[in-house]
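One-letter residues, chain by chain:
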Amino acid sequence: MDLTLAGAAFVGAAIIGLIALLLILGRMRRDREDLTRESQYGVSTEGETLCPKCGMGNQWTDATCVSCGAKLPD
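Residues numbered from 1 in each chain as written. Predicted model: local features only at pLDDT ≥ 70, side-chain atom pairs only at ≥ 80, totals over all residues. Heavy atoms only, no water.

**Some remarks on the overall build of the chain**
The line we're drawing: By the criteria applied, helices consist of DSSP H or I runs no shorter than four residues and strands consist of E runs no shorter than two, each listed in order from the N terminus. Buried means the residue's accessible area, taken with a 1.4 Å probe over protein chains only, is under 20% of the maximum for its type, while exposed means over 50%, and partly exposed covers the values in between. What makes two residues a contact is simply this: any of their non-hydrogen atoms within 4.5 Å. What sets the accessible areas is the Shrake-Rupley method with a 1.4 Å probe; for residues, cover comes only from the shown protein chains.
Summing up its helical and strand segments, the chain has one helix and two strands in all. When the helices and strands of the chain are listed from N to C terminus, the series reads α-β-β. Every one of the 74 residues in the chain was classed for burial, and the buried ones make up 9%. Long-range pairs, those at least 24 residues apart, make up 2% of the contacts in the chain between residues at least 6 apart in sequence. Only carbon and sulfur atoms are counted for the fraction: they give 62% of the accessible area of the chain, which is about 6,700 Å².

Here it is, written out as structure tokens:
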């Protein structure tokens with residue numbers, strides 16, 4: 001009788017763990033989709049040079065990226 005109760009507890013814990021895993025993966029997928037969606041607010045990059053390596057916006061007078069140090073295009 002004790003083995004049956006322990007087995008049932010183990011199966012129940014495994015089911016709860018799988019449900020939690022599926023919920024976490026679903027949330028991660030939704031969060032990733034939110035990051036790829038374009039913002040409704042416009043962002044001005046006028047006067048900035050985007051770094052080809054990391055994408056950081058730099059002033060047009062900078063020769064190297066302030067974030068990663070890569071050489072910026074002329």
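Now that the structure has been shown, the text picks up again.
**Here we look at the side chain of Asn-58**
Convention followed: The term polar contact refers here to a pair of N or O atoms within 3.5 Å; inside protein, the definition further demands a hydrogen-donor-capable atom paired with an acceptor-capable atom, and it admits residues adjacent in sequence only when both atoms are side-chain atoms.
Relative to the helices and strands, Asn-58 resides in strand β2 (residues 57-59). With relative accessibility at 2%, the residue Asn-58 sits in the buried group. At 3.1 Å, the side chain of Asn-58 forms a polar contact with the backbone oxygen of Met-56. Beyond its immediate stretch of four places on either side in the chain, Asn-58 contacts Gly-47, Glu-48, Thr-49, Cys-51, Thr-64, Cys-65, Val-66 and Leu-72.

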